[in-house]
Amino acid sequence: MTTAPALPRTGKLAERAARLLAALGATPAGSGDLPARTPLTGGELLRVPAATAVEVTCAIDQAHSAFRSWRTVPAPQRAAVVRRLGQLLSEHLDELAELVTLEVGKIGAEARGEVQEMIDVCEFAVGLSRQLYGRTMASERPGHRLMETWHPLGVVGVISAFNFPVAVWSWNTAIALVCGDTVVWKPSQTTPLTALACHALLRRAATEVGADPNIHQLVQGDAGVGAQLVDDERVALVSATGSVRMGQAVAPRVAARFGRCLLELGGNNGAVVTPSADLELATRAIVFAAAGTAGQRCTTLRRIIVHVDVVGPLLDRLCAAYRQLPVGNPLDDGALVGPLIDAKAYESMRSAIERAIDDGGELLCGGERVDAGGPDAYYVRPAVVRMPAQSAIVREETFAPILYVLTYHDLDAAIELHNGVPQGLSAAIFTSDQREAERFLAPDGSDCGITNVNIGTSGAEIGGAFGGEKQTGGGRESGSDAWKAYMRRATNTVNYSTELPLAQGIRFG
Ligand code: NAD
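Since we're looking at a predicted model, the values are computed, not measured.

Engineer: Lay out the overall build of the protein chain in plain terms, naming residues and giving numbers.
Structural biologist: Secondary structure summary: the protein chain contains 15 helices and 24 strands in total. Against the globule reference of 23 Å for 509 residues, the protein chain gives a C-alpha radius of gyration of 24 Å, in line with a compact fold. Its C-alpha atoms give the protein chain principal-axis dimensions of roughly 80 × 60 × 40 Å. A burial count over the protein chain gives 55% of its 509 residues as buried. For the protein chain, the share of sequence-separated contacts (at least 6 apart) that also reach a separation of at least 24 residues comes to 75%. When the accessible surface of the protein chain is split by element, carbon and sulfur atoms take 51% of a total near 20800 Å². Seen as two clouds, the 46 positive and the 55 negative side-chain charges of the protein chain have centres 5 Å apart.

Next up, the structure:
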């Protein structure tokens, strides 16, 4: 283990968390069965009560009853809540970001970026509230009008993962609220404090603009609390972000009651580096995408597929950059890599590296633990492992900073390797050759929901629809027309003539 400067002890961090919560308008009960830990030291910050089954039912009751009137408020008026939420987030950006750092271990820049993303999606949703457009189609019948209308859907159950504890909630909630839905949020049991803060800010926004605060409900707890949302018929849409395993448990249960599901699951993102790539730019992009957030993004770059002619120079640059990455206390400005979330994440990183080596892989750099926050904190040096083939461990998502390196001779084979994993979230190609770039973007190119050229796999903008294919679940959130998942479509035919012509020219009687 290498050593980094000492961190403040957990007690001091707990005082800081309590101060931040108070500044954000949230007051944790201080006791309860849900511990809020900090990965900075591995210690416990505060405790939060978990919702009982009766409380979850009550939250769904309230959201369901609030929906009955919220759906009739005109969308531009509904947007007032989201506009105010965006303002409150701007005012409290630093405080919420610091709470994200304490609870999840993100470095300051990334935690602030996450809150900025929330502000951006609020702005997007406010604009969207005047653009929930339906189409008008040409009717085949004289004196008829054919059109579609988008209506609010109902209660949206939002289940979120630990690694984007606040942004994923805002992507769902800002859009759902302008669409006329109400929300019941089940955050990750690992991040109850940031959830309390967001809930308090939203309730304050609603109260200040004169909206019903019951449009948003928070239910804290583990998978069992999530399962109650999954099984309740009044939850019209279950928007669930997390592991493939979670999606496999959730999707059939929602389908069994003909509910709607929006799944944002794991990724195993790859980048192809071609002979014409700008290696300087590619190196910088790869380091951010693979080592940023300590490898704990769904869009983290986990595989690079490099042309044999450039693999040597690329790896020289990459390993040099990796060796200089400052790993340590994310509250320090200098740190670029904070801790893993917990011991389990460290164990899965260690075992993945061992399996890769058993498969003939060579650990080129990193992988070791860094002593920065004491025995219960898990700081690691991001690892680069060169692999002879895309073995089973490479096809899995290990939620830690391991970058596997594979090589190729021709682009078709590189694309085949790239797509040869069960997940389909984010992809990239580094090239200066337009033919190669277009080939990667083409129907027989990358099979991912997000495919980039000369940009890494992580760090999407909110304006696009976010999500992936295959085991990533097929859902789309945030920008573009992702709002349609939060509404129901009605097709309307209006006859303004005095005749009754039937479609397809049918004569009846
Ligand atoms: P996780 O699957 O352990 O938990 C995610 C959420 O699902 C938590 O709130 C958890 O309590 C809940 N949950 C788990 N099982 C459930 C069940 N059977 N019924 C109802 N709820 C259940 O994931 P995690 O460790 O918090 O997050 C990491 C994973 O999330 C990674 O796989 C990552 O790729 C993925 N992720 C995906 C996206 C995306 O947009 N595609 C974004 C962030 C994270």
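Still more to cover.
Engineer: Would you mind going over unusual backbone geometry in detail, with residue names and values included?
Structural biologist: Glycine aside, residues mostly have negative phi, and peptide bonds are mostly found in the trans state. Even without being a glycine, Phe258 presents a positive backbone phi close to 55 degrees. The phi torsion at Lys470 lies on the positive side, around 50 degrees, for a residue other than glycine. With respect to the secondary-structure elements, Lys470 resides in strand β22 (residues 469-470). Its relative accessible area of 38% is what places Lys470 among the partly exposed residues.

Engineer: Quick rundown of the domain arrangement of the protein chain? Include the residues and the values.
Structural biologist: Entries for the protein chain in the domain assignment read domain 1 (51-265 + 473-490) and domain 2 (269-462). A C-alpha centroid distance of 31 Å is found between domain 1 and domain 2. Facing 23 residues of domain 1, the contacting portion of domain 2 comprises 18 residues. When the two sides are added together, the surface that domain 1 and domain 2 hide from each other amounts to roughly 1600 Å², 65% of it contributed by carbon and sulfur. Area buried by domain 1 at its contact with domain 2 is led by Ile107, Glu110 and Phe162, which between them contribute 32% of it. The interface formed by domain 1 and domain 2 contains one salt bridge. Between Arg297 and Glu110 there is a salt bridge, and its shortest N-O distance comes to 3.1 Å. At the surface where domain 1 touches domain 2, the tally comes to five residue pairs in polar contact (both at pLDDT 80 or more).

Engineer: Give a description of the packing of aromatic side chains that names residues and reports values.
Structural biologist: This model, assessed by the stated rule, comprises five aromatic pairs. A ring pair is formed by Trp169 and Trp185, whose centres lie 5.1 Å apart and whose planes are at 25 degrees; its orientation type is stacked. Linking Trp169 in helix α6 (residues 167-178) with Trp185 in strand β7 (residues 182-186), this pair joins segments that are 16 residues apart in sequence. Exposure remark for Trp185: the relative accessible area of 0% places this residue in the buried category. The ring of Phe164 is capped by Lys106, whose NZ or CZ atom sits 3.5 Å from the centre of that ring. The ring centre of Tyr346 lies 5.4 Å from the NZ or CZ of Arg369, which sits over that ring.

Engineer: Go over the nonpolar core with me, naming the residues and quoting the values.
Structural biologist: Most often, soluble globular proteins have nonpolar side chains that are buried together. Grouped together as the largest cluster of nonpolar side chains are 145 residues, with contacts concentrated most on Leu193, Ile286, Ile304 and Tyr322. Here this core takes ten residues from helix α7 (residues 192-208), the largest share from any one element. Lining this core are residues from two domains, each supplying at least three of them: domain 1 (51-265 + 473-490) and domain 2 (269-462). Dropping the residues within four chain positions of it, Ile304 is found in contact with Ala271, Ile286, Leu314, Leu318, Leu403, Tyr404, Val405 and Leu406. One finds Val155, Leu229, Met246 and Leu265 within the second-largest nonpolar core, a separate group that totals 21 residues.

Engineer: If you had to explain the site of the ligand to someone new, which residues and values would you point to?
Structural biologist: Around the ligand sit 28 residues in total, of which Lys186, Gln189, Ser243, Leu265 and Glu397 are the nearest. A distance of 2.6 Å is found between an oxygen atom of the ligand and a side-chain nitrogen or oxygen belonging to Lys186. Within the side chain of Gln189, one N or O atom sits 2.8 Å away from an oxygen atom of the ligand. Contributions of two or more residues to the shell around the ligand are made by α8 (223-231) and α9 (244-256). Residues that form the shell around the ligand fall into these classes: 14 nonpolar, ten polar and four charged.

Engineer: Tell me about the UniProt feature "domain: Aldehyde dehydrogenase" (unreviewed entry) in the protein chain, residues and numbers included.
Structural biologist: The positions that UniProt labels "domain: Aldehyde dehydrogenase" (unreviewed entry) are, in the present scheme, residues 33-489. Here residues 33-489 runs as 40% helix and 21% strand, with 42 Å between its end C-alpha atoms.

Engineer: Would you mind going over the sheet that holds strand β9 (residues 235-241) in detail, with residue names and values included?
Structural biologist: What the five strands build is an open sheet, ordered β8-β7-β6-β9-β10; its pairing is parallel. Looking at the sheet topology across the chains shown, the edges are occupied by β8 (216-218) and β10 (260-264). Looking at each pair of strands side by side, their axes are set apart by 15 degrees on average, direction ignored. Bridge analysis of strand β6 (residues 155-159) against β9 gives five bridges, and the strand direction is parallel. Residue pairing for β9: Gly157 is matched across the bridge by Val238. Across the sheet, helix α2 (residues 53-70) lies against β6, β7, β8 and β9, angled at about 155 degrees from β7, the strand it touches most.

Engineer: Explain the sheet that holds strand β12 (residues 301-307) residue by residue, including any values.
Structural biologist: Pairing between sheet strands relies on hydrogen bonds along the backbone, with the strands arranged either parallel or antiparallel. With mixed pairing, the seven strands of this open sheet are ordered in space as β13-β16-β17-β12-β11-β19-β20. Since the sheet does not close on itself, it has two edges, and those belong to β13 (362-365) and β20 (450-453), each with one partner. This sheet shows a mean twist of 25 degrees between the axes of neighbouring strands, independent of strand direction. Along the sheet face, helix α11 (residues 311-323) touches β11 (269-273), β12, β13, β16 (383-386) and β17 (402-408) and points at about 60 degrees away from the line of β13.

Engineer: How would you explain the pattern of salt bridges if you had to name every residue and give the values?
Structural biologist: Across all of its chains, the model carries 21 salt bridges by this definition. A salt bridge links Glu208 to Arg204, with the shortest nitrogen-to-oxygen separation between them at 2.8 Å. Of this pair, Glu208 and Arg204 both sit in helix α7, separated by four residues, roughly a single helical turn. You can call Glu208 partly exposed: its relative accessible area is 42%. Residue class for Arg204 comes out partly exposed when judged on its relative accessible area of 35%. Linking Arg317 and Glu280 is a salt bridge whose minimum nitrogen-to-oxygen distance equals 2.8 Å. Here Glu280 lies in helix α10 (residues 279-291) and Arg317 lies in helix α11, a separation of 37 residues in the sequence. Overlapping salt bridges bring together Arg84, Glu91, Arg204 and Glu208 as one network.

How each quantity is defined
- Residues numbered from 1 in each chain as written.
- Predicted model: local features only at pLDDT ≥ 70, side-chain atom pairs only at ≥ 80, totals over all residues.
- Heavy atoms only, no water.
- Helix = DSSP H or I, 4+ residues; strand = E, 2+ residues; numbered from the N terminus.
- Rg over C-alpha atoms; globule rule 2.2 N^0.38 Å.
- Buried < 20%, exposed > 50% of the residue type's maximum accessible area, 1.4 Å probe, protein only.
- Contact = heavy atoms within 4.5 Å.
- Areas by Shrake-Rupley, 256 points an atom, 1.4 Å probe, with all protein chains shown as cover.
- Lys, Arg positive; Asp, Glu negative; His and termini not counted.
- Charge placed at Lys NZ, Arg CZ, Asp CG, Glu CD.
- Domains from an automatic or database assignment.
- Buried area = accessible area lost by both parts, 1.4 Å probe.
- Salt bridge = Lys/Arg side-chain N within 4 Å of Asp/Glu carboxyl O.
- Polar contact = N/O pair within 3.5 Å; in protein donor to acceptor, adjacent residues only side chain to side chain.
- Phe/Tyr/Trp six-rings, centres within 6.5 Å; stacked < 30°, edge-to-face > 60°.
- Lys NZ or Arg CZ within 6 Å of the ring centre and 35° of its normal.
- Core = buried A, V, L, I, M, F, W, Y, C linked by side-chain atoms within 4.5 Å.
- Near = heavy atom within 4 Å.
- Nonpolar A, V, L, I, M, F, W, Y, C, P; charged D, E, K, R; others polar.
- UniProt positions renumbered as here; feature names shortened; annotations may be inferred.
- Pairing = 2+ DSSP bridges.
- Axes fitted to C-alpha atoms, helices over the stretch in contact; angles between N-to-C directions.

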